[in-house]
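Examining the three-dimensional arrangement
Spelled out from the first residue to the last, the chains are:
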Amino acid sequence: MEAEKPGLVMGKVYLIPTTLGDNAPLEVLPISVKGTIERIDHYIVENEKTARRFIKRVSPSKSQPELHLQSLNKYTNPEEIPSFLDPCIHGFDVGIISEAGCPGIADPGADVIRIAHERRIKVVPLVGPSSILMAMMSSGMNGQNFAFNGYLPIDNTERKKMVKNLERVSRDQGQSQIFMETPYRNNKLLKELLRTLQKSTRLCIASDITLPTEFISTKSVHEWSEIELDLDKRPTIYIIQA
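Description of the structure in this document.

Analysis parameters
- Residues numbered from 1 in each chain as written.
- Predicted model: local features only at pLDDT ≥ 70, side-chain atom pairs only at ≥ 80, totals over all residues.
- Heavy atoms only, no water.
- Pairing = 2+ DSSP bridges.
- Helix = DSSP H or I, 4+ residues; strand = E, 2+ residues; numbered from the N terminus.
- Axes fitted to C-alpha atoms, helices over the stretch in contact; angles between N-to-C directions.
- Phe/Tyr/Trp six-rings, centres within 6.5 Å; stacked < 30°, edge-to-face > 60°.
- Buried < 20%, exposed > 50% of the residue type's maximum accessible area, 1.4 Å probe, protein only.
- Expected span 1.5 Å × (residues − 1).
- Contact = heavy atoms within 4.5 Å.

**Some details on the sheet that holds strand β7 (residues 176-180)**
With mixed pairing, the five strands of this open sheet are ordered in space as β6-β7-β10-β8-β9. Two strands lie at the open edges of the sheet, namely β6 (146-151) and β9 (215-220), each paired on one side alone. With direction set aside, neighbouring strand axes in the sheet form an average angle of 15°. With six bridges joining them, strand β8 (residues 202-207) and β9 adopt antiparallel strand pairing. By the bridge assignment, isoleucine 205 is partnered in β9 with serine 217.

Structure (structure tokens):
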């Protein structure tokens, strides 16, 4: 752990939310996000190209050549991550930008946030859209007791086993179970859910949240089985409650 330097004010880590799709940033983000982006030049991002595009849309006048971006994704060497926070040690604030939604939630940003706490660097979360929470808010299911399970296994047998287990936990504990899928596999997952879950289990499907094509609906598995729904390539959150 690098110690604080005497007389130097440590920079902070700002968790900067992004839009959930291609809508105007300030339609879904508070003005504080714009102000933060306009004064920060050091960023940790999933994808440099999309992050630069997002920053430009929020603050068109900001100088792109002056930006210092570090990429944090599955290709990043874990040993390099601590150095991404070095600007904070030298008094500069650092922003973390996810590909969509809020950093640290279903997002590799959690790794660098953990290191920030270990190095006693202040972490500041900014308000923004989270598809997970917005789906839960809209589902009509148990908002006092819920769990986010991320992506389900790709293997068919393992996925079916996990779906049955989540349904059992939901029934035994009264807990809403939230999960997601890669958009191009949505239709396959939906068919599997309708085959695997009990007919009385409630299923919320929340797609394209905050976008003009937003679709959020909660029905029993039996009711969904009588409806044709195309979720192909649409970012979707699923919630079940038995």
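Additional details are given in the paragraphs that follow.
**Some remarks on the packing of aromatic side chains**
A complete count under the given rule lists two aromatic pairs for this structure. Note on phenylalanine 179 and tyrosine 238: the rings are 5.8 Å apart at their centroids and 15° apart in plane angle, and the pair reads as stacked. Of the two residues, phenylalanine 179 is situated in strand β7 and tyrosine 238 in strand β10 (residues 236-241); the sequence distance between them amounts to 59 residues. Tyrosine 238 shares its class with phenylalanine 179; the two are buried.

**Details of helix α7 (residues 156-173)**
Side chains that are three or four residues apart share a direction in an α-helix, a result of its 3.6 residues per turn. Between its terminal C-alpha atoms α7 stretches 26 Å, which fits the 26 Å expected from 18 residues at 1.5 Å a residue. Against β6, β7, α8 (186-196) and β10 lie the buried residues of α7. Looking one or two residues beyond α7, the residue adopting positive phi is glycine 174, at roughly 65°.

**A short note on the sheet that holds strand β2 (residues 42-45)**
Across the sheet, five strands lie side by side as β3-β2-β4-β1-β5; this open sheet has parallel pairing. Both edges of this open sheet fall to β3 (68-71) and β5 (123-125), since each of them pairs with a single strand only. Going from strand to strand, the sheet's axes swing by 25° on average, the running direction of each strand aside. Pairing analysis gives three bridges linking strand β1 (residues 13-16) to β5, with the strands arranged parallel. The residue of β5 that forms the bridge with valine 13 is valine 123. Contacts from helix α2 (residues 31-39) reach β1 and β2, with the element oriented near 130° to β1.

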